[in-house]
Amino acid sequence: MVYSILYKKGNRQSDAHASHTIYDIQHTTYYPPLPASNTIYDMQHTIYAPLPSASHTIYDIQHTIYGSRGVTVMLVLAFMGIFALIVGSITSYVLQQGKYGRALFAREQALHIAEAGLEYYKWWLGHNQNGANLTSPTTANYTVNDPEGGAPLGSAEITATPALQCGAVQWIDLESKGTASSSPNFPRTLLARYMQPSVAEYSNIFNTDIWYADTEATVGRVHSNGGIHMDGSNNADVTSKKSTWTCTYTNGCDPSATKPGVFGSGSGSALWQYPASEINFANMAVNFATLKSYATTNGIYLDPTYVKVGDTQQAGTYSSVGGSDQKGYRLVFNSNGTVSVYKVTGTSYVWGAHADDFQWYKDYHTITSQSLLGTYTIPAGCALIYSQAKTWIEGTVSRKITIVAADTGSYNPDIVLNGNIGYTATDGSVGLTVLAERSVVIPVGSPDSMSIRGVFIAQGGYFGRSLYDCTYSPNDRRSSLTTNGTVVSNLLTTTQWLYGWCSGTSGYINRTDSYDRLAAFSPPPFTPSTSVDYRLNLWREK
């Protein structure tokens, strides 16, 4: 805005105050002309009567137009608002990051506290009979103190849930909830299973020298307390207790030669390890008398002269089928959770050479006479079948079951895998452990393409199929054997033979052994372990 102010001298009027100055503010024309939005003031001095006091200046502002006045103020306010918004956002972000960092710290601390709870309960169980007296879920609390003093870092709440079969603890599931004292709103929970390492963690365990031919593939760990001649394929560790051993013709070396603990033409040599720690078969051995007591009271007990289910005798007694390789029991598992029990009273034999001593024997494995004793539901709380006689098994398993064939007297019965053995589900809810006091054998009349699932343990004898020569053709040569689970054999095992007459080959031509990873940490009841020490398995966060 531009004003033209002219100072005007004049004679002082008699009624004017001496201190007054008179200005004549006139309209001024601008060049170049101002736009219409500008404001022009035409101010003229006016004398009032009576005149005001000497300190006043009076203006007569005749015409005022408001335009762009105050824009600067608005811009300042806008920029101040934007600045305040940015500063507020940054401050909020910093505060949130600080809160987030404290939460992360508390969560990490809670995780370590939960881990401390698991270790504490492992220590407690190890000093209290490994939880043998636990019969129901129990809860304990453990306070984690600062080793440098001060307030406790937090606490862990541990819940122990035993898995029971026949009243005996199989393993204990632990749940540890850790909470940090600094921030109780961020707990962490860990789960673990307290158990002995099971034989089901392996594909094969042997207590003697073994030879894998080039037609055999293994999936899972393999261990032998003897030497291993590995011409087959493997995808996991193959371990031998021995640094060196003498390989003979029975294990593919002719003439005999001193070999490393594991050797051969197999493709997985990067996974071969020797010497390795022994798996003690004596420690692995189960107590048959104890298992017999469990089965007699709560499971299924097959006495040579009668059958008991849950401590109740079924029907009457009959002539003994025990103490002989020519008689026994046949078990057929049904997919509805039952088992059909047959009394075997007649068998026929074929000549076969056994793997443990290469001697020829009459194998009475072919059933000629049998009668159905009954079909029984396997008790859920004690899924244990104890047979005090030679036992043939086959069928479809629908839950976790353990079969034991043993005699506390002088007779050591075998278990015969009479046909295919399958599961109704492969999600870990179904499993089978077969435990023979002597051997687990495959008969001459086995399926051409045989598939078996389970943990098969020959505690005192061997696992395998005898050498049946061409006299029994075409049953002497079989096509394939697929084992999904574990084979444990105390003595030399074989399911394929090379010999010097007829076709020169007997047994299964192609063989595949795969361990059941779900059974490894959730095996059927009373499955033997590879160590007496307990450990935490299946560690995971809830």
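All values reported here derive from a predicted model rather than from experimental measurement. (Residues numbered from 1 in each chain as written. Predicted model: local features only at pLDDT ≥ 70, side-chain atom pairs only at ≥ 80, totals over all residues. Heavy atoms only, no water.)

### With respect to the sheet that holds strand 13 (residues 228–230)
Paired through their backbone hydrogen bonds, the strands of a sheet run either parallel or antiparallel.
At step 1: Judged by pairing direction, the sheet is parallel, and its three strands sit side by side in the order 10-13-18 without closing on themselves. Looking along the sheet, the strands with just one partner apiece sit at the ends: strand 10 (210–212) and strand 18 (262–263). (Pairing = 2+ DSSP bridges. Helix = DSSP H or I, 4+ residues; strand = E, 2+ residues; numbered from the N terminus.)

### Notes on the nonpolar core
At step 1: In terms of nonpolar packing, the biggest core is built from 48 residues, with F333, I385, I393, I403 and L417 touching the most fellow members.
At step 2: The contacts of I385, once residues within four sequence positions are left out, are I300, L302, L331, F333, V339, I401, T402, I403 and V404.
At step 3: Of all hydrophobic cores here, the second largest spans 26 residues; its members include A168, M284, Y301 and Y386. (Core = buried A, V, L, I, M, F, W, Y, C linked by side-chain atoms within 4.5 Å. Buried < 20%, exposed > 50% of the residue type's maximum accessible area, 1.4 Å probe, protein only. Contact = heavy atoms within 4.5 Å.)

### Side note on the state of the cysteines
At step 1: For the structure on display, the rule yields three disulfides.
At step 2: Bridging C166 to C382, the disulfide has an S-S length of 1.9 Å. Its S-S torsion of about 85° marks the bond between C166 and C382 as right-handed, since a negative value means left-handed. In this pair, C166 is assigned in the loop between strand 6 (154–165) and strand 7 (168–180) and C382 in the loop between strand 25 (360–377) and strand 26 (384–387), connecting sequence segments 216 residues apart. (Disulfide = S-S within 2.5 Å.)

### Some words on helix 3 (residues 288–297)
At step 1: If you check which residues of helix 3 are buried, you get F288, L291, A295 and T296. Projected down its long axis, helix 3 shows its buried positions confined to an angular sector of 135°, all on one face.
At step 2: Elements in contact with the buried residues of helix 3: strand 20 (300–303), strand 21 (306–309), strand 26, strand 28 (400–405) and strand 30 (431–436).
At step 3: Where helix 3 begins, one side-chain oxygen reaches toward the backbone nitrogen of A289, 3.1 Å away; that side chain belongs to N287. (Arc of directions from axis to C-beta. Polar contact = N/O pair within 3.5 Å; in protein donor to acceptor, adjacent residues only side chain to side chain.)

### What about unusual backbone geometry?
At step 1: Put simply, Y274 and P275 share a cis peptide bond, and its omega is -10°.
At step 2: Relative to the assigned elements, P275 resides in the loop between strand 19 (272–273) and helix 2 (281–284).
At step 3: The amide bond that connects S473 to the next residue, P474, takes the cis arrangement and shows omega of 5°.
At step 4: The topology assignment puts P474 in the loop between strand 33 (463–465) and strand 34 (477–489).
At step 5: Here the phi dihedral of C166 falls at roughly 60°; this positive angle occurs in a residue that is not glycine.
At step 6: With a phi angle near 50°, C502 is a residue other than glycine that sits in the positive phi range.
At step 7: You can see C502 is positioned in the loop between strand 35 (496–498) and strand 36 (505–514).
At step 8: Owing to a relative accessible area of 42%, C502 belongs among the partly exposed residues under this scheme.

### A closer look at the environment of S269
At step 1: Looking at where S269 falls in the secondary structure, it is placed in the loop between strand 18 and strand 19.
At step 2: A relative accessible area of 42% means that S269 is categorised as partly exposed.
At step 3: Taking the C-alpha atoms as reference points, S269 and M230, 39 residues apart in sequence, are found 8.7 Å from one another.

### A closer look at the pairing of strand 26
On a regular strand, each side chain points to the face opposite its neighbour's, so the side chains alternate between the two faces of the sheet.
At step 1: Side-chain alternation along strand 26 places L384 and Y386 on one buried face and I385 and S387 on a second face that is also buried.
At step 2: Relative to strand 26, strand 20 runs parallel, the two sharing three bridges. In the strand pairing of strand 26, L302 is matched with S387.
At step 3: Of the strand pairs in this sheet, strand 26 and strand 28 are connected by four bridges, and their pairing is parallel. In the sheet register, L384 faces strand 28, and the bridge partner there is T402.

### Some remarks on the packing of aromatic side chains
Any pair of aromatic rings gets described here by the distance separating the centres and the angle formed by the planes.
At step 1: Under the definition given, this model contains 16 aromatic pairs.
At step 2: For the ring pair F206 and Y212, a centre distance of 6.4 Å and an interplane angle of 55° mean the geometry is tilted.
At step 3: Aromatic ring contacts, followed pair by pair, group Y120, W123 and Y142 into a single cluster.
At step 4: Across from the ring centre of Y342, 5.1 Å away, lies the NZ or CZ of R330, which sits over that ring.
At step 5: The ring of Y349 has K362 lying over it, and the distance from NZ or CZ to the ring centre is 4.7 Å. (Phe/Tyr/Trp six-rings, centres within 6.5 Å; stacked < 30°, edge-to-face > 60°. Lys NZ or Arg CZ within 6 Å of the ring centre and 35° of its normal.)

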